[in-house]
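So you can see what is in the structure, the chains are spelled out below.
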Amino acid sequence: MSRSAEHVMQVLYALRSAGVTDPRVLSAMERIDRGRFVRGHFAARAHEDVPLPIPCGQTISQPSVVGLMTQALDIQPRDKVLEIGTGSGYQAAILSLLARRVYTVDRFRSLVSQAREVFQSLGLHNITAFAADGSHGLPDQAPFDRILVTAAAEDPPGPLLAQLRVGGIMVLPVGQSDTVQTLLRVTRTGDKGFDYDELRPVRFVPLVEGIGPE
Ligand code: SAH
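A brief look at the structure comes next. (Residues numbered from 1 in each chain as written. Predicted model: local features only at pLDDT ≥ 70, side-chain atom pairs only at ≥ 80, totals over all residues. Heavy atoms only, no water.)

## What to know about the site of the ligand
By nearness alone, 27 residues border the ligand, and Ser 88, Asp 106, Asp 133, Gly 134 and Val 208 come closest of all. Within the contact set of the ligand, a nitrogen atom lies 3.1 Å away from a side-chain nitrogen or oxygen of Thr 150. Val 208 is positioned with one of its backbone polar atoms (N or O) 2.7 Å from a nitrogen atom of the ligand. Within the complex, the protein chains bury 99% of what would otherwise be the 580 Å² of accessible surface of the ligand. (Near = heavy atom within 4 Å. Polar contact = N/O pair within 3.5 Å; in protein donor to acceptor, adjacent residues only side chain to side chain. Areas by Shrake-Rupley, 256 points an atom, 1.4 Å probe, with all protein chains shown as cover.)

If you want it as structure tokens, here you go:
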């Protein structure tokens, strides 16, 4: 893994300014170089705290938002985590250093295969990436200790709530607007009980139903 001093300093500065203080999250983000997940023209800006375009018209989230979402999940070392929206694979790579096992799905096959190559080259062997419509979750692997959705839905999808273990946490952007949504943390308190915390405004690409064309 590349650990250029420039990369580490820029990321840590952005994380501190955003209020990311969990030492496990900071250490995981120091170890994953975002430069490995951004290709072409925008690679030169990989270490800035901004979202950047990736193929298929999608975006890689900004590091401070990745840090805040990861911190809100409070991942424990034995956890089985589901991520909806693999995108570049950057967020999944960070999750993989904190959890026992990560399942990540994206509706674009080409994004999933590119992300798999990066996971392999970084030696991250506890991530399983699938091309699938993540709004249905992954019933075969449920229940999950933690679920992270990195695309915005109007409401928390029912199948994802159902696949969250009792005591588990899901973090996701929700809202009706295309331009700004609310980052929500859902804690499953019982068979039918859920607590909801609104964390902050965020901006994500939409959760789209069905498998993608590429
Ligand atoms: N977590 C990513 C950024 C995700 S961008 C990263 O670290 O780079 C949001 C992603 O959600 C896009 O790649 C988009 O294709 C995916 N997405 C949107 N709707 C989806 C759905 N129904 N199922 C699976 N993935 C979906």
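After that view, the rundown keeps rolling.
## As for the packing of helix H2 (residues 23-31) against helix H4 (residues 90-98)
It is the contact of H2 with H4, at a shortest axis distance of 9 Å, that shows an interaxial angle of 125°. Relative to H4, the element H2 is oriented oblique. Both H2 and H4 take part in a crossing whose hand is right-handed. Of the residues in H4, those touching H2 at Arg 24, Val 25, Ala 28, Met 29 and Arg 31 are Tyr 90, Ile 94, Leu 97 and Leu 98. The residue makeup of the contact of H2 with H4, split by class, is seven nonpolar, no polar and two charged. (Axes fitted to C-alpha atoms, helices over the stretch in contact; angles between N-to-C directions. Helix = DSSP H or I, 4+ residues; strand = E, 2+ residues; numbered from the N terminus. Parallel < 35°, antiparallel > 145°, perpendicular 65-115°, else oblique. Left-handed = near helix turned anticlockwise from the far one by under 90°. Contact = heavy atoms within 4.5 Å. Nonpolar A, V, L, I, M, F, W, Y, C, P; charged D, E, K, R; others polar.)

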